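Now for the letters of each chain:
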Amino acid sequence: MKKLITTLLILSSLMMFTSCATKPTDASVSPAATQSTTDQKEAKEKMEEIFQKKCSADEALELAKRSDVVVFEDVGCTFGQEVWDAFYKSVSDGLPAAVLCANYYTLDGQNMSEELYEQEKDNYPVLYFTLLEYDGKEFSIQVRDSSSDKLDRRETFKYLNHYTGDAPATAIYKHYEYYVLVDDADTTWEQIEQGNFSSQYGDMIRHSTVYTNYT
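These figures come from a predicted structure and were not determined experimentally.

Parameters and conventions
Residues numbered from 1 in each chain as written. Predicted model: local features only at pLDDT ≥ 70, side-chain atom pairs only at ≥ 80, totals over all residues. Heavy atoms only, no water. Helix = DSSP H or I, 4+ residues; strand = E, 2+ residues; numbered from the N terminus. Buried < 20%, exposed > 50% of the residue type's maximum accessible area, 1.4 Å probe, protein only. Contact = heavy atoms within 4.5 Å. Salt bridge = Lys/Arg side-chain N within 4 Å of Asp/Glu carboxyl O. Phe/Tyr/Trp six-rings, centres within 6.5 Å; stacked < 30°, edge-to-face > 60°. Lys NZ or Arg CZ within 6 Å of the ring centre and 35° of its normal. 1 Å grid on protein atoms, 1.4 Å probe; cavity = no way out; pocket = protein on both sides within 12 Å on 5 of 7 lines; lining within 4 Å. Points joined across faces, edges and corners; volume = space filled by probe spheres on them. Nonpolar A, V, L, I, M, F, W, Y, C, P; charged D, E, K, R; others polar. Arc of directions from axis to C-beta.

Undergrad: Which parts of the structure should I look at to understand the environment of Lys53?
TA: Relative to the helices and strands, Lys53 is located in the loop between α2 (31-52) and α3 (57-65). Lys53 sits in the partly exposed class, given a relative accessible area of 44%. Separated by 93 residues in the primary sequence, Lys53 and Ser146 have C-alpha atoms spaced 7.0 Å apart. Among residues more than four places away in sequence, those in contact with Lys53 are Leu63, Arg144 and Ser146.

Undergrad: How do you make sense of the pattern of salt bridges when you look at a structure like this?
TA: When their charged atoms lie close together, side chains carrying opposite charge are able to pair. The tally for this structure, following the rule as stated, stands at 10 salt bridges. Across the pair Arg206 and Glu155 runs a salt bridge whose closest N-O atoms are separated by 3.1 Å. Placement of the pair is Arg206 in the loop between α6 (189-197) and β9 (207-214) and Glu155 in strand β6 (residues 153-157), with a sequence separation of 51 residues. Its salt-bridge partner being Asp183, residue Arg206 comes within 2.8 Å of it at the nearest N-O pair. One end of the pair, Arg206, is in the loop between α6 and β9; the other, Asp183, is in the loop between β8 (175-182) and α6, and 23 residues separate them in sequence.

Undergrad: Just checking my understanding: could you explain the packing of aromatic side chains for this structure?
TA: Within a pair of aromatic rings, the relevant descriptors are the distance that separates the centres and the angle that separates the planes. In total, this model carries 14 aromatic pairs according to the counting rule given. With 4.1 Å between their ring centres and 40 degrees between their planes, Tyr173 and Tyr214 make a pair best called tilted. Taken together, the positions of Tyr173 in the loop between β7 (159-166) and β8 and Tyr214 in strand β9 put the pair 41 residues apart, joining distant regions of the chain. Using a relative accessible area of 23% as the deciding quantity, one classes Tyr173 as partly exposed. Consider the rings of Tyr179 and Tyr211, whose centres lie 4.9 Å apart with planes at 85 degrees: the pair is edge-to-face. Placement of the pair is Tyr179 in strand β8 and Tyr211 in strand β9, with a sequence separation of 32 residues. One exposure class covers both Tyr179 and Tyr211, and it is buried. In this structure, Arg206 is placed above the aromatic ring of Phe157, and the distance from its NZ or CZ to the ring centre is 4.0 Å.

Undergrad: Help me understand the environment of Asp152 in this model?
TA: Inspection of the secondary structure puts Asp152 in the loop between β5 (139-145) and β6. In the structure, Asp152 is positioned 10 residues away from Gln142 in sequence and 7.6 Å away in space, judged by C-alpha atoms. Contacts of Asp152, omitting those with residues within four sequence positions, involve Tyr128, Val143 and Arg144.

Undergrad: Sorry, what's going on with the layout of surface pockets here?
TA: A probe as big as a water molecule, rolled over the atoms, marks out the empty space that is left. In this structure, the largest pocket spans a volume of roughly 840 Å³. Together, 28 residues line the largest pocket, and Glu73, Asp74, Tyr105, Thr212 and Tyr214 are the ones closest to its centre. Looking at the lining of the largest pocket, the elements with two or more residues in it are β1 (70-73), β3 (97-105), β4 (126-134), β5 and β9. A per-element tally of the lining of the largest pocket places β9 first, with 6 residues. A volume near 590 Å³ is recorded for the second largest pocket. Taken together, 23 residues make up the lining of the second largest pocket; nearest its centre are Gln40, Ala43, Met47, Ala97 and Ala98. Of all the secondary-structure elements, those providing two or more residues to the lining of the second largest pocket are α2, α4 (81-92), β3 and β4. The dominant element in the lining of the second largest pocket, judged by the number of residues it contributes, is α2, at 7 residues. A per-class count over the lining of the second largest pocket returns 12 nonpolar, 4 polar and 7 charged.

Undergrad: Explanation requested: unusual backbone geometry in the structure shown.
TA: It is generally the case that most residues other than glycine have a negative phi and that most peptide bonds are trans. Here the residue pair Tyr124 and Pro125 is connected by a cis peptide bond, since its omega of 0 degrees sits within 30 degrees of zero. Within the fold, Pro125 resides in the loop between α5 (114-120) and β4.

Undergrad: Explanation requested: α6 in the structure shown.
TA: Since there are 3.6 residues in each turn of an α-helix, residues three or four apart along the chain are aligned in direction. Within α6, burial applies to Trp189, Ile192 and Gly195. For α6, the arc enclosing every buried residue in end-on projection is 125 degrees, short of the 170-degree limit, so these residues lie on one face. In this structure, α6 carries Gln194 and Phe197 as exposed residues pointing more than 90 degrees from its buried face. Buried residues in α6 make contact with β7, β8 and β9.

Below, the structure is given as structure tokens:
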């Protein structure tokens, strides 16, 4: 009887040891990974909060520059370059990511007649928020005027292409840099430009420029 009890105790100890060895513990979850996921969730919520905020163009510009928003003005990217670089690195690695951009437009420096200026001056400045998201397979984009309740447009694209090159001789800048959403990864910037200026129906290539910079 004593021998039987001893045997049962040994078997019980072995079962407890096996159970402890295979049961996941809190330590098996990386604190850094948990923190990273939490940070990403909070950042996405902040982006959506700013994107939905209704305010004037100047108020929206000020808000964007106080936040992790990529800002574009007349000369291109003026704020948040490191935010854009981090987003592009993530999507290039195939990782889900999101970024909020703000495009601010004025009539300053525009080559237009005095009559046209008078017609348009009350419509400017204007700021468009662009919420760009990548789920690991495709890109989705939402655009809205900061002063409007309505969504301006929503689209999905397969690829985000990066284009750089020399500006035309008549331009006031020397080089351009664009990041453009397209449906075909082989699409060139020259093809996009040709489609924009073509008078033939169907020549225009569906695309959306989400980053612009001039040097």
